[in-house]
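The chain contents come next:
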Amino acid sequence: MYRLLVFSLLLCFTTLGCYYDSEEDLYPNVTCDTTNVKYSVDVKAIINNNCIGCHSAAANQGGIQLENHADVLKYATNGKLIGSIKHTSSYVAMPIGASKLSDCNIAKMEAWVNAGSLNN
Ligand code: HEC
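Residues numbered from 1 in each chain as written. Predicted model: local features only at pLDDT ≥ 70, side-chain atom pairs only at ≥ 80, totals over all residues. Heavy atoms only, no water.

**Brief notes about the site of the ligand**
Working step 1: Neighbouring residues of the ligand: 17 residues in total, closest Cys51, Cys54, His55, Val92 and Met94.
Working step 2: In the environment of the ligand, an oxygen atom lies 2.9 Å from a nitrogen or oxygen atom belonging to the backbone of Val92.
Working step 3: Those elements giving two or more residues to the shell around the ligand turn out to be helix H5 (52-55) and helix H7 (80-85).
Working step 4: By residue number, the principal contributor to the shell around the ligand is H7, which donates 4 residues.
Working step 5: Across the shell around the ligand, the residue classes break down as 11 nonpolar, 5 polar and 1 charged. (Near = heavy atom within 4 Å. Polar contact = N/O pair within 3.5 Å; in protein donor to acceptor, adjacent residues only side chain to side chain. Helix = DSSP H or I, 4+ residues; strand = E, 2+ residues; numbered from the N terminus. Nonpolar A, V, L, I, M, F, W, Y, C, P; charged D, E, K, R; others polar.)

Given below as structure tokens:
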């Protein structure tokens, strides 16, 4: 009985062990391309997927809107955008009620800000 239990546990670990591994976690440098990050392609998509539910003009949570480039630029410039997604102390950690953005998405946002937060 005990052997059977150990065996099934082992089987469980070996077959399911890789189930949750994401390519991005396993090969961060291979799949994360932060060159040529664009507002219209990358930044807008990350925000639409993770933030817009609370930061659309209609939702306006915390009085903060991230609908278009001009909106996002304000928080890119004052440091709050990167501070909040990197969970830097003294900023409110974003997104509220969800897990931190992936390292790759944070790196892309940061690369975009460091390149001048262009409307590209
Ligand atoms: C579930 C709702 C919700 C989601 C999702 C969310 N926010 Fe927020 N956000 C808020 C609220 C509410 C506040 C105001 C918090 C406060 O002032 O205590 C806020 C505040 C902020 C601030 C100001 C932070 C500061 O330190 O002053 C920024 C910047 C921000 N959000 C960006 C984002 C970004 C970027 C995302 C997506 C990665 C996101 N938020 C996702 C609700 C949300």
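Moving on, there is more to tell.
**Topic: the nonpolar core**
As a rule of thumb, nonpolar side chains are buried together in soluble globular proteins.
Working step 1: Ranked by size, the top nonpolar core spans 18 residues in total, and within it Val43, Ile47, Val72, Leu81, Met109 and Trp112 carry the most contacts.
Working step 2: Of all the secondary-structure elements, those providing two or more residues to this core are helix H4 (39-50), helix H6 (69-77), H7 and helix H8 (103-114).
Working step 3: For Val43, the residues in contact, after removing those within four places along its chain, are Val37, Lys38, Met109 and Trp112. (Core = buried A, V, L, I, M, F, W, Y, C linked by side-chain atoms within 4.5 Å. Buried < 20%, exposed > 50% of the residue type's maximum accessible area, 1.4 Å probe, protein only. Contact = heavy atoms within 4.5 Å.)

**Examining the coordination of the iron atom of the ligand**
Working step 1: With distances of 2.0 to 2.2 Å, the protein atoms coordinating the iron atom of the ligand are His55 (NE2) and Met94 (SD).
Working step 2: For the iron atom of the ligand, the 6 donor atoms in the first shell make angles of 85 to 178° at the metal, so the coordination geometry reads as octahedral. Of the two residues, His55 is situated in helix H5 and Met94 in the loop between H7 and H8; the sequence distance between them amounts to 39 residues. (Donors = N, O, S within 2.8 Å, 3.2 Å for Na, K, Ca; no water. Tetrahedral: all angles 85-135°; square planar, octahedral: opposite > 155°, others 65-115°.)

**Observations regarding unusual backbone geometry**
What is expected of a backbone is that most residues other than glycine have negative phi and most peptide bonds are trans.
Working step 1: Pro95 follows Met94 through a cis peptide bond whose omega is -5°.
Working step 2: Residue placement: Pro95 occurs in the loop between H7 and H8.
Working step 3: One non-glycine residue, Asn36, lies in positive phi territory at about 60°.
Working step 4: As for its placement among the helices and strands, Asn36 is situated in the loop between helix H3 (28-31) and H4.
Working step 5: The backbone phi angle of His87 is positive, close to 55°, even though this residue is not glycine.
Working step 6: Its place among the elements puts His87 in the loop between H7 and H8.
Working step 7: His87 gets classed as partly exposed once you look at its relative accessible area, which sits at 36%.

Just distances and angles here, no functional claims.
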